[in-house]
Structures are given as structure tokens and as C-alpha cells.
Amino acid sequence: MNVLLLHLAILFVFPPLLLGSIGKTKAFFAGRIGPPLLQPYYDILKLMQKASVYSVTTNWIFRAAPMVSLAAVVSAGILMPVAGVKPPVQFGGDLILFVYLLALARFVIVLAALDTGSSFEGMGASREATFGCLSEITVFLNLTILALLSRSLSLSEIFLGGLSSSWLQVGPVLILVVVSFFLVLLVENSRIPIDDPETHLELTMIHEVMVLDHSGVDLAYILYGKAVKLFLFGTMLVSMMMTFRTQDLWVDTIFFFFEMIGFAILIGVVESTMARLRLNKVSFLLFSAFIFSIFGFIVILVRGAHP
Amino acid sequence: MNVWLDAILILTVILGLFIVASTRLGTMIQILGLQSLILGCAPLFMYAQDMELYIVLVSLVVIVLRGFIMPQFLFWAIRHVSLRSDVSPLIGAGTTLLLSGVAIAGSFLLASKLHFPVKISSDILIPSSFSLIIMGFLLLVGRTKAISQVIGYLVLENGIFLFAILLLKKMPLLVEMGILLDLFVAVLVMGIVINHINDEFKNMDTIQLTTLKD
Amino acid sequence: MLLFLLFFPLAIGGLVFILPGQKSRNRMLIFTALLHSACVFSFWKFKPAFVLNGFLGLDALGLLILSVVSVLFLMVSFYLMGYFKNESDLAHRIFIGFLLFFLSFMTLVTVSRHFGLLLIGIEATTLSSVPLINFVKTRQSIEATWKFLMICLIGIALALLGTYFLAVAGMDNAQSLFLDKLLIHAKELSLPWFKMSVIFLLIGCGTKMGLAPMHPWLPDAHSQAPSPVSALLSGCLLNCAFLSVLRVGQVCFAAGQTQFFSSILILLGIISLGVAYVFILGQEDYKRMFAYSSVEHMGILAIGIGLGGAGIYGSLLHVINNAFTKGFVFLVTGNLYKQYHSKKVSEVKGVLRAYPITGIFLLAGLLAVSGVPPFGTFISELMILYAAVRGHHYVVAFLYCLFLALIFIGIADIILKMIQGGPVHEPVIQSPNCHPERSEGSHICQDSSPFGLRMTNNRESWSMIMPILFLIVIVLILGFYIPPFLDNMLQKASGLLGG
């Protein structure tokens, strides 16, 4: 019971802190002080108290979408082990459910964007869908490689110790997976160099422009959902890289916090040092990520999962 | 050490992918130099148990010749070129990348069918070498600028060298050195001819070399 | 002895770079060529020992090709005396020097007993012939040089890969790339690796040899190079590449894989014949036409070897015939170019009336290249046809005859147009300014006076007639009579290949 509560607590409370850390890192690089670390929390709370404005062209899809997407993302979170803590729900094959839940979240947002009938949202929806196609394959491939290496189809088993010997034996392949996964992470969470979360120009947005019409509580849900999604991807990346586990729960959790903050700083550094790519180069980037994971996959197949 | 050799091989192939996907000449030359450098370390890792002097020598020669001198020379050859980008290749960067992916898969398939007589320390050596060879070919065939074709030829030779590492113990040193030297002279000659092309045609598009046709 | 033969031209080549005066350089060239030929002829009597731990050695096949190379080189060096009149000093030095290097590397190819060394030799010949082809730096010659370099280097890279595969195939047994060791252990070679190596080696060496579809460098290089160089390329270089194919054939025969080897060669040969025919028809440049004829003859050689038995003897005889034929034919084109200053067929007319000697030579060239009796090429081509019919390869025989006939029609059409007609009266060179594309073989245009009335000034000098005559005579003799020592050597050589 204790463990369950810890898991849920981390899952619900921690994610906006990630966004705040990224903001602080970027401010540091820009020589500013920047918004406070807890700013996303304040934003979400503020938005929860505002009323929503709905366009007359929209119908129930538009109203339902933010709730559905948040629910989907949080459900995906329940499947994911964090900080060496077992998730509340786990079964063989839950990694497929995980990916599909995230896809569902994206799907309903896209639908809502199309529902508004505005050309900006439509444009963002089409871009998001295109990149989603390429990135989902890569995510699946990467997870397949990890599943082959740890010989199980359950997320908790993969990330809770299944990979401990893999770095020593198939280190290079794991490096391929990590690089590929990082690229996909940047795409799925709409970070620079794919999408600038702070741009004001709608024509250059991908994710932001889809949610232009949401307001109030809906926007709060979407913002929070974005944070949780980033948190989940970050957890996967970090668990892939840091595979050691001490047996003590609290020590593991502290380590996890530091790793996640490190991850947020990494994202911040990447965002501050790179410029946005032209849109036709983004598919190129995704394609490279795909090729990396294919390469790793082939090596694993040839070698056999038992190196 | 097995893992290090694997890392070198995978890194080599990835760098090859970078070269194939890039259209900027300066980038291609630099990555080629890096790839040759890393490739030069491969013999050291492969024969870590029974190291001999000539293996170290071969590694050193490859690193210096192909990793440093060759890129410098290539940069010299394009010093007068203002447009450092292959703007209209015959096969675009995306397609080449896709074909390279297919090539990598194909070489692994082929290599799994071939049985090598002696045990090799890494089972991805042969497929990596085949992949590099095919990537070199794709560059040779798909690009129009003369220097891109030279880079493709050098990637091809890198792939062949990777295969030759397997035979380092058996083949005499003479032939290895001779081949490296030939390569050096070949690139020298190519560079000189490129200079002539540049002088005469004022750019380096081999797509303009079509006056001799039937 | 062999080492001397190898290093002597290299040394003289280096010397030539510092020697002043064109005359003295030409003399050194001729002296080296004479010495080289003398040594080679001595090898017919006294077989030289294997040197350098068995890296170098001369067997019947090598001796045949070496003799051909040597004689042709000698003739070309005589021809060069009259060919270069006023060259820029540096260009002349480079030319003669690299010509000697070229000779040395071709010798290396013929005496090499190690596959790796063989490849090094071939690559060296490629590299040393680049300055020779690129002698006159025009747009077309640069294009030709680039194509030549790229295609040949890729071919050699593939051949190198094939050599590595061969080494892998022999890893458990032969454990080396020495030809002799490979021949001993041929039956134990690992089959999949061996087959792959044969494919790559054939593609690589076939590229150098000029077999279609790897031939695109050939017409460009042969037509853009100065004529003596074309003669050397066609007569010597292609044959050296053919030698490397023959070495692969030797190993195949010893390994019992002759079927595999033959089928590839016959296929490449037929494709070469077809390609040659297509591109000879309506050809506008006579040097290019002869270059495609080289492709055709290489195809004939490949078919001959592929057929086996008497075909091998015929093929080897054809090597000699073809080398000398192509040699004199390209030297004749050199004469033509000197006289008409154009490579286009349409601008060359009335050769028989204007320059009777060259005209007769050209006619002889037409007959020899097409395999018309009494020239030697007829005998060798007939032998190959006989082998085809004897071995029941009727389709091959039919295609062979068909293509040869068609090619004969094509070449005859072009050359007869050139030979016949009245003497040319209009000015041949328009202005005192030299057009870079037209000044083959001379950097500084020699004539500053209006040229049109001075056609008689370009009478062929003795040095441009005698070599051609000598070569024609040899080919004629071979059409009637094969001297016993030659017959003996040919038998030995074809024995090596299982013929």
C-alpha cells in the first residue's frame, strides 16, 4: 500500500516540476532569472479557476478531448514503474497498452483540433499526425529491442532490473536505442529542435497550435497532460540509462529525483543550444532515429537475445 | 574487448549513414575523417590478445593517412569551390538513407548465410563491412559533384579495409601496405584531376561531363 | 633478371624527368624499349627463375602477354620519334617518364605470381596512364580521364574485395594468395566464398579489360588520348587485364569450377559484342569506332576462353593478333589525325588519293580488325568459332557470327567512306590560332602560316610508317603460318587453363 501511494504521489505531483526546471535552465542560458521553479503549478491552479470559452463550431468532442487525453496519459502512467517502484497495474504485454494509450491521447487532441474548423489547428493536426506516424514505429522498435534484451513483455520487468547486464554485453546497441529514443522524445513532446513551445507564430507551431482554442480548465488539463507525458518519456529514458538499483526504496527515489532533474536540465540545454529545424528536415531526423533503431534491432536479432 | 569492437563497428556504420545523408561537402569530409580514424582503431581492438608490431603499424598508418592527411588533402582540392553543397544529387538524401537502411539489413542477411572459416571476435564485422561498401556505392552512383564521388570511393575503401582486418594475420604486410599506398596515390591523382576539372569547367558538377556521348 | 626488367624502366623513367632535350629523351625511350624487348626474347630461350620468395615468376601465359607488350611498346616508341614535333618541355618530360613507368608496371602485372601484387600492378598501370591520357587538357579529355579514373578505380576496388574473398576461401588450406599454392589447394577452397570471389574478381578485372557492361570508360579514354597512347592502351593494357582474368580462370579450372567461370565469361562476351555493334553503327568519330572495336575483340577473347578446349588456344592466339592489329590501327589513326586534324569521320575524305600509304594502311586495318583473311585475326576467330560449334554451343556460335558480320558492315561503311573520294582541296586548318580541341599532341601549334595550301607538308615521316608496316607484316605472317616456337608456347599456355 505504501508503495502504491508513493508511486501515485510521484506520478501526480512531480511532472510540472520538470517543466519548471526546463524553464529555469533556459533562463540560465539566456542570462535571465526566469520564472520560479513552481511556476507550472501556479499556472495550472490559475487555469483551474478560470471559465472555459467554447466556440460555436465545436461540439462534444471538443469538450471531451482534454479530459480523455489526460485520463489516457495518467492511465499510461499507472503502467510505468518509476523510481524503482512497481506500478499499480502490470501484466505481460502492458507496453503495447502503454504506447496505445499515449497514441489515444494524441488522437483525441487531434480530433478536437480538427473539430474547431480553424485552418491553424488543422495544419497543426496534420503535422502532429505525420510526425506521430514515424515516431510511433520507432518507439515500438525501441521497446521491442528492450523487451528482447530483458526477455519479458512487461514494462515493469524491463525497467526494474531486466537491463542490468545488458549494458556490459550489448552496450553499443543500447546506445543506439538511447539516441534513437531521445530523438523520438523530442518529437513526441514537441521540444526544440522540432517545435518551439514558446513561439508566438502559429505557422511555426506544431503542438501548440492544436490547442489554441482550449481555455480554462481544459487548458489546465492539457498543460498537465503534457507535463505527465514528458515525465513518462523521461522516466523511460532515464531507466534505460541508469539500470542499477539499490534495494532501499527511499534511496532509489532520491536518485530518481536527481536523475529526472538532470534529464530536465539536459532538455533545457538542448533547447537553448539548438535552433528549430525546418519542417522537412524533421521527417529526416525521425527517419534517422528509425534507422538507428532498425540497426540496433538487426544486431540484436543476429546476435540472439542471449549475447 | 568485444564490446569496444562492437561499439567501433556500430559507430562506423552510423557515421557512414551520416555521410550518406549529408549534402554539405565540408561535413562529409570531416565525418569521413572521423570514420577513418575510428576504423583505424579497430585492428587494435580486434587483436588485443595477440598483438603484434605490424598490426599497430597498420592501425597507425590508417589513422594518420586516412584520418588526417586525406581529409586535409580533400579540403585543399575544394579550396576554390564556393558552392560547398551538393544541391542536386541524382538520388536525394532521404532516398539514399532509405536505401542504406535496406543495405544494412541486406548485408546482415547475407552475412548470416556465409560461414567464416575462422572464429571472429565480433559477428557484426562482416555485415558492417558490406554495409559500408554498399553505402559507398550509393554515394558514387547518386551524387553529381566530383568530390562527392571521391568521398564515396573512400567510404567504399573503408568498407574493404574493414573486411581486410579479418585477414590481417594471414596476409603479408607487404600487400596491405601496398594497398594503402595505392589508395593514397589514387586520391592524390583524383585530387589533381579534380583541380583540372575545376579550372576547366569552373565548377565540379560531373553532370556536365556529358559531351562524350553516343 | 626479372627484377632488372622491372626496375630498369622505372629508373630510366625517373632519369628522363631530369634529362634536358627532347631528342635525348626520345633516345632513352627507344633504348629502354630495345633493352626490354631483348630481355623478353631471351626469356623465350632461358626461363628465368622465380624471385622474391615466389612473388615474381614467369610462366607461359605471362611470357606471351609480356612479349606482346614489349614488341608493341617498342613499335610505339619508334613511332613517337616522329609524332612529337614541338612539345612544351614539362609536358614531354611527364609523358615520356610516365610512359616508362607504365611499361614497368605492365611488366609487373605479367610477372606477378601473387594475386595481391597483381592487383597492385593493375592499379599502378591505371594511375600511371592517367597523365598519358590527359596529355592535352581539353574539356573532353578531362571528362575522359575522370570517367577512366573513377570506373577503373571502382573496378579495382571490387577486384580487391574479390581477392580478399579468395583469401578467406583459402583460409584453411592454401593460407596464402600465391597462385601456385592456390592451384595446389584449389579443390579444398570454401565454395561459397570462392564463387563470390570469382564474381567480384571478374567484374573488377572485366572493368579494366573493357568488357561490357563495365566498358564506358573505354571509348572515351581511347579516343581522347593521343594515338600512340591509345595503341598502348588497346594493345597492352587490355591484355594485361585479360591476363588477370586468365589467372582467375587458372584457379577455377584447378578447382573444377570451370562451368561457373565459363558461363559468366560467355555472357559478358556476348554482351560486349552486342554493345560494340550498337555503338559502332553510325559512329562519327573514327577513334571511338576503333575503341568499340576493342570492346568487341575483348568480347571475342572472353567467349574464346569461356568455350574451352580449342577456344582457349584460339583466344590466346587472338591476343597476339588483336594486340598488333589494334596497335597499328591506332597508329594509323595517329597519322590520319596529323594529316586531317580532325577526329570526325565526315571531315576525313579521300585518304587513298591524298596519302596513299596511310590509305593502304587504313584499308589493311579495316580488314585485319574485321577478321578477313589473309590476316591473322581470321585464323584466331575461326578457331574460336570452331570451338563453339564443336562444343555444341550453337546459340553462342550463331550470335558470334551475327555480331561479327554486323560489326564488319558497320566498320567497313565508315572506313570505306573515309578512304574513297577525291583529294581534299579546301583548307584543312582554318586559322593560325589553334583550337584546343583540335590540337592533339601539340601544345604549341606549330604552323603560323595559312595552312590550306600546304597539305603535302604532312607527308608521313619514316618513323610513322615503319612501325605500322612491321606490325602489319607480323599479323599477315600469323595469318599463314604459326612458327613452332609460338605454337609451342601457346600450347603450354592453354594447357595451364585446361585447353
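Calculation notes
Residues numbered from 1 in each chain as written. Chains lettered and ligands numbered in written order. Predicted model: local features only at pLDDT ≥ 70, side-chain atom pairs only at ≥ 80, totals over all residues. Helix = DSSP H or I, 4+ residues; strand = E, 2+ residues; numbered from the N terminus. Rg over C-alpha atoms; globule rule 2.2 N^0.38 Å. Buried ≥ 20, exposed ≤ 12 C-beta atoms within 10 Å, placed from the backbone. Contact = placed C-beta atoms within 7 Å. Nonpolar A, V, L, I, M, F, W, Y, C, P; charged D, E, K, R; others polar. pLDDT = per-residue confidence, 0-100. Axes fitted to C-alpha atoms, helices over the stretch in contact; angles between N-to-C directions. Core = buried A, V, L, I, M, F, W, Y, C linked by C-beta atoms within 7 Å. Expected span 1.5 Å × (residues − 1). Parallel < 35°, antiparallel > 145°, perpendicular 65-115°, else oblique.

Student: Could you give an account of the overall build of chain A, with specific residues and numbers?
Tutor: Along the backbone of chain A there are eleven helices and zero strands. When the helices and strands of chain A are listed from N to C terminus, the series reads α-α-α-α-α-α-α-α-α-α-α. At 19 Å, chain A has a C-alpha radius of gyration in line with the 19 Å of a compact globule built from 307 residues. Principal axes of the C-alpha set define a box for chain A whose edges measure 60 × 45 × 45 Å. Within chain A, the fraction of its 307 residues that count as buried is 47%.

Student: Any chance you could break down the overall build of chain C for me, citing the residues and the numbers?
Tutor: Per the secondary structure count, chain C includes 19 helices and zero strands. A compact globule built from 499 residues would reach a C-alpha radius of gyration of about 23 Å, and chain C, at 22 Å, matches this within 12%. Counting only residues that meet the buried cut, chain C has 60% of its 499 residues in that class.

Student: Tell me about the arrangement of the chains, and please be specific about residues and values.
Tutor: Pairwise contact counts over the two pairs of chains in contact peak for chains B and C. The smallest C-alpha distance separating chain A from chain C is 20 Å, and no contact links them.

Student: Which residues make up the interface of chain B and chain A, and what values do they have?
Tutor: Where the parts come together, the accessible area they lose is often given as the size of the interface. Listed by partner, the interface residues are 16 residues for chain B and 13 residues for chain A. When contributions to the side of chain B that touches chain A are tallied by element, the ones reaching two or more residues are α1 (2-21) and α4 (93-113) of chain B. Its residues assigned to classes, the side of chain B that touches chain A comprises eleven nonpolar, three polar and two charged.

Student: Summarise the environment of Lys-50 of chain A; cite the residues concerned and give the values.
Tutor: Within the fold, Lys-50 of chain A resides in the loop between α3 (39-48) and α4 (60-79). Between the C-alpha atom of Lys-50 of chain A and that of Asp-218 of chain A, which follows or precedes it by 168 residues, the distance is 9.8 Å.

Student: I'd like a rundown of the confidence of the model for chain C, residues and numbers included.
Tutor: Averaged over every residue, the pLDDT of chain C is 83; the share at 70 or more is 90%. Scored below 50 in pLDDT, residues 426-457 of chain C shows 38 contacts in the model against residues more than four places distant or in partner chains.

Student: Kindly report on the interface of chain C and chain B, identifying the contributing residues and their values.
Tutor: Taken together, the contacts link 32 residues of chain C with 33 residues of chain B. Among the secondary structure elements, those contributing two or more residues to the side of chain C that touches chain B are α5 (115-133) and α6 (139-169) of chain C. Here the element with the most residues in the side of chain C that touches chain B is α6 of chain C; it accounts for 17 residues. When its residues are assigned to classes, the side of chain C that touches chain B shows 21 nonpolar, five polar and six charged.

Student: Quick rundown of the packing of helix α10 (residues 227-255) of chain C against helix α11 (residues 258-280) of chain C? Include the residues and the values.
Tutor: Between two packed helices, the angle of one axis relative to the other and the distance separating the axes together describe the packing. In the contact formed by α10 of chain C and α11 of chain C, the axes pass within 8 Å of each other and the chain directions differ by 145°. Contacts between α10 of chain C and α11 of chain C involve Gly-249, Cys-252 and Phe-253 of chain C on the former and, on the latter, Thr-258, Phe-260 and Phe-261 of chain C.

Student: So, unusual backbone geometry: which residues are in play, and what are the values?
Tutor: Cis geometry marks the peptide bond from Ala-212 of chain C to Pro-213 of chain C; its omega dihedral reads 0°. If you trace the backbone, Pro-213 of chain C turns up in the loop between α8 (191-209) and α9 (217-224). Residue Pro-373 of chain C is joined to Pro-374 of chain C through a cis peptide bond whose omega torsion reads 10°. Along the chain, Pro-374 of chain C turns up in the loop between α15 (356-370) and α16 (376-390). With phi around 55°, Ser-190 of chain A is a residue other than glycine that occupies positive phi space. Note that Ser-190 of chain A resides in the loop between α8 (166-188) and α9 (217-241). In this structure Ser-190 of chain A comes out as buried when scored by C-beta crowding, with 21 C-beta atoms within 10 Å.

Student: Tell me about the environment of Gly-306 of chain C, and name the residues and values.
Tutor: Residues and elements named next belong to chain C. With respect to the helices and strands, the residue Gly-306 is situated in helix α12 (residues 286-307). It is 24 Å that separates the C-alpha atoms of Gly-306 and Leu-177, two residues lying 129 residues apart in sequence. Residue contacts for Gly-306: discarding those within four places in its chain leaves Ser-262, Leu-265, Ile-266 and Gly-269.

Student: Go over the nonpolar core, please, and point to the residues and values.
Tutor: Judged by nonpolar contacts, the single largest core of 351 residues is most densely connected at Ile-151 of chain B together with Leu-72 of chain C. Counting residues per element, this core draws most heavily on α6 of chain C, at 22 residues. With residues up to four places along the chain from it excluded, the contact list for Leu-72 of chain C reads Leu-232, Gly-235, Cys-236, Ala-323, Phe-324 and Gly-327 of chain C.

Student: Can you tell me about α8 of chain C, naming the residues and giving the values?
Tutor: Residue and element names in this part refer to chain C. In a regular helix each residue adds 1.5 Å, so 19 residues correspond to 27 Å; α8 covers 26 Å between its end C-alpha atoms and thus fits that length. Across the 19 residues of α8, 14 count as buried, placing the element largely inside the fold. Downstream of α8 by one or two residues, Gly-210 has phi in the positive range, about 95°.

Student: Any chance you could break down the packing of helix α2 (residues 15-30) of chain A against α3 of chain A for me, citing the residues and the numbers?
Tutor: Residue and element names in this part refer to chain A. The interhelical angle for the contact between α2 and α3, taken along N-to-C directions, is 125°, at an axis separation of 7 Å. In terms of their interaxial angle, α2 and α3 are classed as oblique. Of α3, the residues touching α2 (which contributes Pro-16, Leu-19, Gly-20 and Gly-23) are Gln-39, Pro-40, Tyr-41 and Ile-44. A breakdown of the residues in the contact of α2 with α3 according to their chemical character gives five nonpolar, three polar and no charged.

Student: If you had to explain α15 of chain C to someone new, which residues and values would you point to?
Tutor: Residue and element names in this part refer to chain C. Taking 1.5 Å per residue as the helical rise, α15 with its 15 residues ought to reach 21 Å, and the 21 Å between its terminal C-alpha atoms agrees with that figure. Packing partners of the buried residues in α15 comprise α12, α13 (310-340), α14 (351-354), α16, α17 (394-419) and α18 (462-480). The positive-phi residue at the C-terminal boundary of α15 is Gly-371, with phi of around 75°.

Student: Residues and numbers for the environment of Leu-162 of chain B, please.
Tutor: Residue and element names in this part refer to chain B. Tracing the backbone through its elements, the reader meets Leu-162 in helix α6 (residues 146-165). On a C-alpha basis, the gap between Leu-162 and Phe-130 in space is 9.0 Å, while along the polypeptide they are 32 residues apart. Setting aside residues up to four positions removed in sequence, Leu-162 forms contacts with Leu-39, Ala-42, Leu-125, Ser-128, Ser-129 and Leu-132.

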